[in-house]
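# Overview (structure and organization)
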Amino acid sequence: MTQISYGLFSELLLVRIHGRAEAYLQASSAERLALVAACRGEATVPDLAQRILSRTIYAQASSRIGPLRELLQNALDASPPGARIDVRSSEDGREISVTDQGRGMSRTELLADLLVPFRSGKAGEPDVIGEHGIGFFSVLEIAPWIEVVTATPSGGHRLLVAPLGGGPPYEDFSWTLLSLPRPPPAPYADGGRAGAPARRVDERASEPPRRPTTGTSVRLSLAQPISRPALAAEVTAAVGLVDATVARIYVDGALVNTARGRLRRAAEVPLRLPPSGELCGAVELFVGRGDGIEPQLTITQKGLTVATRIDPFPGPELGLHRELARAITAAGFGLVAELPLGVPLNKGRSAVAATASTAVEAALVAAFERFVLRDALYDRELLRAVDHRLSSVLDRLLHAALLGESITIASAQAVDELDPVARTPTVAAPEQVIRFASGLLDAPLFRSIVADTGQRPSGAALSPLGQVHYRSAPLTLRELLQAHRTGALRPLEAAPSLSSSQVRSTARWPLGASGPGPEAAMGREAAGVRPGDLVYLALDEPLAQAFWRRLASEGAASQPLQAAAGAPPRAPSAAPCPMPRTSREALLKTAIDVPGVRAVAAAMTIIERLDAAISESADLPASPIWVHQDLYGPDEMAHTDGSGISVNLASTRVRALLTAVLLRDDAVAFTALADLLLHEKTHVSLASYVPRPTAEHGTSFYRRKDWMRRRLLAAIASGAVADPMRWLAVARRGLASAALPAPSELSQAFLAAAAAA
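Residues numbered from 1 in each chain as written. Predicted model: local features only at pLDDT ≥ 70, side-chain atom pairs only at ≥ 80, totals over all residues. Heavy atoms only, no water.

### A few points about the overall build of the protein
For the protein, the helix and strand inventory stands at 24 helices and 23 strands. Per-residue burial for the protein yields a buried fraction of 52% across its 757 residues. Partitioning the contacts of the protein with sequence separation of at least 6, the portion at a separation of at least 24 is 70%. Carbon and sulfur atoms form 55% of the exposed surface of the protein, whose accessible area is close to 32900 Å². (Helix = DSSP H or I, 4+ residues; strand = E, 2+ residues; numbered from the N terminus. Buried < 20%, exposed > 50% of the residue type's maximum accessible area, 1.4 Å probe, protein only. Contact = heavy atoms within 4.5 Å. Areas by Shrake-Rupley, 256 points an atom, 1.4 Å probe, with all protein chains shown as cover.)

### A look at the sheet that holds strand E22 (residues 637-639)
Within the open sheet, the 4 strands sit side by side as E20-E21-E23-E22. Their pairing is mixed. Looking at strand neighbours, the two that pair on one side only are strand E20 (579-582) and E22, the edges of this open sheet. Direction aside, neighbouring strands of the sheet carry axes that sit 20 degrees apart on average. Across the sheet, helix H21 (residues 667-685) is in contact with E22 and strand E23 (645-648); its angle to E22 comes to roughly 15 degrees. (Pairing = 2+ DSSP bridges. Axes fitted to C-alpha atoms, helices over the stretch in contact; angles between N-to-C directions.)

### Here's the deal with the packing of helix H9 (residues 319-330) against helix H10 (residues 354-374)
The interhelical angle for the contact between H9 and H10, taken along N-to-C directions, is 60 degrees, at an axis separation of 11 Å. When the interaxial angle is binned, H9 and H10 end up oblique. You can see that H9 and H10 cross each other, and the crossing is left-handed. Taken together, the residues of H10 that come into contact with H9 (itself represented by His321, Leu324, Ala325 and Ile328) are Val365, Phe368, Glu369, Phe371 and Val372. Looking at the contact of H9 with H10 residue by residue, the classes come out as 7 nonpolar, 1 polar and 1 charged. (Parallel < 35°, antiparallel > 145°, perpendicular 65-115°, else oblique. Left-handed = near helix turned anticlockwise from the far one by under 90°. Nonpolar A, V, L, I, M, F, W, Y, C, P; charged D, E, K, R; others polar.)

### A short note on the sheet that holds strand E13 (residues 304-309)
With mixed pairing, 5 strands are arranged side by side in an open sheet as E10-E11-E14-E12-E13. Whereas interior strands pair on both sides, the edge strands pair on one side only; in this sheet they are strand E10 (264-273) and E13. Neighbour-to-neighbour, the strand axes of the sheet open up by a mean angle of 25 degrees, direction not taken into account. Pairing between strand E11 (residues 278-288) and strand E14 (residues 334-339): 5 bridges, direction antiparallel. When the sheet's bridge partners are listed, phenylalanine 286 is paired in E14 with valine 336.

### What to know about the pattern of salt bridges
By the definition in use, this model includes 21 salt bridges. Between arginine 158 and glutamate 147 there is a salt bridge; the shortest N-O distance is 2.8 Å. With arginine 158 in strand E5 (residues 155-164) and glutamate 147 in strand E4 (residues 145-152), this pair connects stretches of sequence that are 11 residues apart. The class of arginine 158 is buried, set by a relative accessible area of 2%. Ionic pairing is found between aspartate 252 and arginine 228, a salt bridge with its closest N-O pair at 3.8 Å. (Salt bridge = Lys/Arg side-chain N within 4 Å of Asp/Glu carboxyl O.)

### Here we look at the layout of surface pockets
Estimates place the volume of the second largest pocket at around 830 Å³. Here the lining of the second largest pocket gets 7 residues from one element, more than from any other, and that element is H21. Class assignment for the residues of the lining of the second largest pocket results in 16 nonpolar, 4 polar and 8 charged. (1 Å grid on protein atoms, 1.4 Å probe; cavity = no way out; pocket = protein on both sides within 12 Å on 5 of 7 lines; lining within 4 Å. Points joined across faces, edges and corners; volume = space filled by probe spheres on them.)

### Re unusual backbone geometry
Following proline 274, the chain continues to proline 275 via a peptide bond in cis, the omega torsion being 0 degrees. Tracing the chain through its elements places proline 275 in the loop between E10 and E11. Phi angles above zero are rare outside glycine, and lysine 302 is one such case at about 55 degrees. Take lysine 302: it is sitting in the loop between strand E12 (297-301) and E13. In the Ramachandran plot, aspartate 619 falls in the positive-phi region, its phi being about 55 degrees despite a non-glycine side chain. If you trace the backbone, aspartate 619 turns up in the loop between helix H19 (597-617) and strand E21 (625-629).

### Describing helix H8 (residues 228-239)
For H8, spanning 12 residues, the distance from its first C-alpha to its last is 16 Å, which sits close to the expected 16 Å at 1.5 Å a residue. Here H8 has its buried residues at Leu231, Glu234, Val235, Ala238 and Val239. The buried residues of H8 all sit within an arc of 110 degrees when viewed along its axis, so they share a single face. Taken together, the buried residues of H8 touch helix H5 (65-78), strand E2 (83-89), strand E3 (95-99), strand E8 (247-251) and E13. (Expected span 1.5 Å × (residues − 1). Arc of directions from axis to C-beta.)

### Digging into the nonpolar core
Ranked by internal contacts, the top residues of the largest apolar core, which has 59 residues, are Phe9, Leu115, Ile146, Leu159 and Val235. Apart from residues lying up to four places away in sequence, valine 235 is in contact with Leu68, Leu72, Val87, Gly240, Ile249, Val251 and Val256. Within the second largest apolar cluster, 48 residues are counted, among which are Met579, Leu587, Ala660 and Leu712. (Core = buried A, V, L, I, M, F, W, Y, C linked by side-chain atoms within 4.5 Å.)

### Topic: the confidence of the model for the protein
For the protein, the mean per-residue pLDDT works out to 75, and 70% of the residues sit at or above 70. When the criterion is pLDDT under 50, residues 405-435 qualifies, and its contacts beyond four places in sequence or with other chains add up to 78 contacts. Throughout residues 456-466 the model reports pLDDT below 50, and contacts reaching past four residues in sequence, or to other chains, amount to 12 contacts. (pLDDT = per-residue confidence, 0-100.)

### Quick word on the side chain of glutamate 680
Assignment of secondary structure puts glutamate 680 in helix H21. Here glutamate 680 occupies a buried position and makes no salt bridge, while the nearest side chain of opposite charge, lysine 705, is found at 8.4 Å. (Lys, Arg positive; Asp, Glu negative; His and termini not counted.)

### Focus: the environment of glycine 342
Structurally, glycine 342 is set in the loop between E14 and H10. For the pair formed by glycine 342 and cysteine 280, sequence separation is 62 residues and the distance between their alpha carbons is 5.4 Å.

### Remarks on helix H20 (residues 652-663)
Residues spaced three or four apart along an α-helix point in a common direction, a consequence of the helix completing one turn every 3.6 residues. In this model, H20 (12 residues) spans 16 Å end to end at C-alpha, consistent with the 16 Å of a helix rising 1.5 Å per residue. Those residues of H20 that fall on the buried side of the exposure criterion are Arg653, Val654, Arg655, Leu657, Leu658, Ala660, Val661 and Leu662. The N-terminus of H20 is capped by serine 651, whose side-chain oxygen sits 3.3 Å from the backbone nitrogen of valine 654. (Polar contact = N/O pair within 3.5 Å; in protein donor to acceptor, adjacent residues only side chain to side chain.)

### What to know about the pairing of E2
Counting buried residues in E2 gives 5 out of 7 residues, a clear majority hidden from the surface. Two elements, E2 and E8, share 5 bridges in a ladder whose sense is parallel. Across the sheet, the residue bridging to isoleucine 85 is isoleucine 249, located in E8. As paired strands, E2 and E3 are joined by 4 bridges and run antiparallel to one another. By the bridge assignment for E3, arginine 88 is matched with serine 97. In this antiparallel pair of consecutive strands, E2 and E3, the connection spans 5 residues, and glycine 93 shows a positive phi of 75 degrees.

### Quick notes on the packing of aromatic side chains
Summed over the entire model, instances satisfying the criterion amount to 4 aromatic pairs. An aromatic cluster is present here, built from Phe9, Tyr170 and Phe173 joined pairwise through their rings. Stacked on the ring of tyrosine 250, the Lys or Arg arginine 84 has its end atom at 3.8 Å from the ring centre. (Phe/Tyr/Trp six-rings, centres within 6.5 Å; stacked < 30°, edge-to-face > 60°. Lys NZ or Arg CZ within 6 Å of the ring centre and 35° of its normal.)

### Remarks on the packing of H19 against H20
At a closest axis distance of 10 Å, the pairing of H19 and H20 adopts a crossing angle of 85 degrees. Relative to H20, the element H19 lies roughly perpendicular. Along its contact with H19, which presents Ala599, Ala602, Ala603, Ile606 and Ile607, the element H20 presents Leu658, Val661 and Leu662.

Shown next, in the form of structure tokens:
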């Protein structure tokens, strides 16, 4: 075969279009010119090859991340598991190199595959990503001058690419191919000697050849320089979620793909692609938080980022999915959906191909549902950290259940098609139709104690007279509603004092979790609530608080049953105890004698320091901090006039958070408190005067909130703002007790002060 050393991209494409590629590679220089002229004479559009090249190069990527991802994808496909991939930049930021330790490319692969669009040498390989054969061409948009040094066990080559004509866009590109017969020192990847000016690749053609043992090094001469921090950020955005067991990716010596170790698999859904319905793998959903994990849904394939979504679930039929996802991501958790390699992507690899998009979207919804039902709502740490909107979302669901709403579900793909054991939904939130509300209603989420009082309907088995048996059991929302309707539900704080030996466990297990063996269940009573049982509900978790708040708002105080034979009836739950919006000075002046008021003042100091940190990082004025009780509904905090923020001391969750941070440096409770304040501060920053807290919770609101959170964390990390957690010890100084005053006592103090005035 004739050794070709020079040519044009358009010539390689033109002879490929006319079926004369093999003849072109074997022809002499004069014969090649004649072949190209003949192909151009036969072409209906003489400049067709140039047009295809221009659209292939300049219509793929909208940012520099796309071309970098393509280079790293090629390196991943060529490298063995666990290999090292290095990305380095020159000091002036005009050169970047990507070096792998893979199998390298032969002369034929360079000329017939790499430099010809829509041809890929990876076709048919099951474990590689590349399929369109155009990824390398996207790099030419940001780097018109490219040098490729590659080596296989049998030999090495050096390929030089340079633009022709004025540009960008350039009318064509030339290539020069040189052989590397002997292995000199390994290729440098830092773009040249330290301090030397950057030079174009075609100006270095006379330099001594550099050949690695095996692998490929691609060096780019950029049209626009890039700083090293920006390069690290863009490479991390493209490949930061690649598993380190697949490859270790370094940028200027720093490992960037470390986030995968902080993710855990939360759900998995089989995926069948139309029209054949053939199984192509499974969509895996991961969840986690920390460095490198963005609070959003990131869609990946083999760890490479395909797309990111702040709102994962568009459309009114997925309203509850969207609200739950927002609550989870607002707390800093990130969701990562890993697509199987069989899922086709578009040419820019920035979205799923249209033929597979419907099936993938349905699988993402099903995976999120499984995550919520089998994992998220059982993770107490997650529940403590999530945004307080999670309670309001479940509050709406609860309202629908109390009303007995039943809405027919109309969706593009039923859950049963993806999960045969999934139930058909029967209840929907009043504002959005949801597909897995029935699963939420039947999930054992509520920690409770069930008391067998010995009272049974006619014909039912009775316990010995006067004896009360207690058992702990996670109950479902349906069971709690049934207990409420029969008057058998009350808060756990109203239960008699019990030792652990008096309470038997009949705990059920989440879907998909391994339960106890048959021998452990022998002789144990069935879980659930039977007619005549009393149910004591623990109120120290957001779900239970949302449930009890809804019952109170519905006027649901029912006459309780007797706890045991002959016992006097207990009083219904106490009514709300209102208190006007009050500053710290007015609080200390009016209710200084109420036990726990000094703890409230200390908590207000902590919130003021947190507000100051948020305000300084976001260039906002500090907000006055007040306290109130039940003036603005059940919300934990309220933005009262577009500038001030008031804390509801009657909120069970707020009281638990404040007590936790006053007792000790509880980072989880402090994070949840910070998120509550960020939520209201976002309203303040948008100058919202809307009284309903749900009136402005759209996409722009949550983007603003996420921006403010990022500004706060960046300011604390850089030292521009002092970490507000440092003020916890200062606020606790001299505090004898962290117990907060009872809402009724505070209310009485202010009523008495008003009467005296």
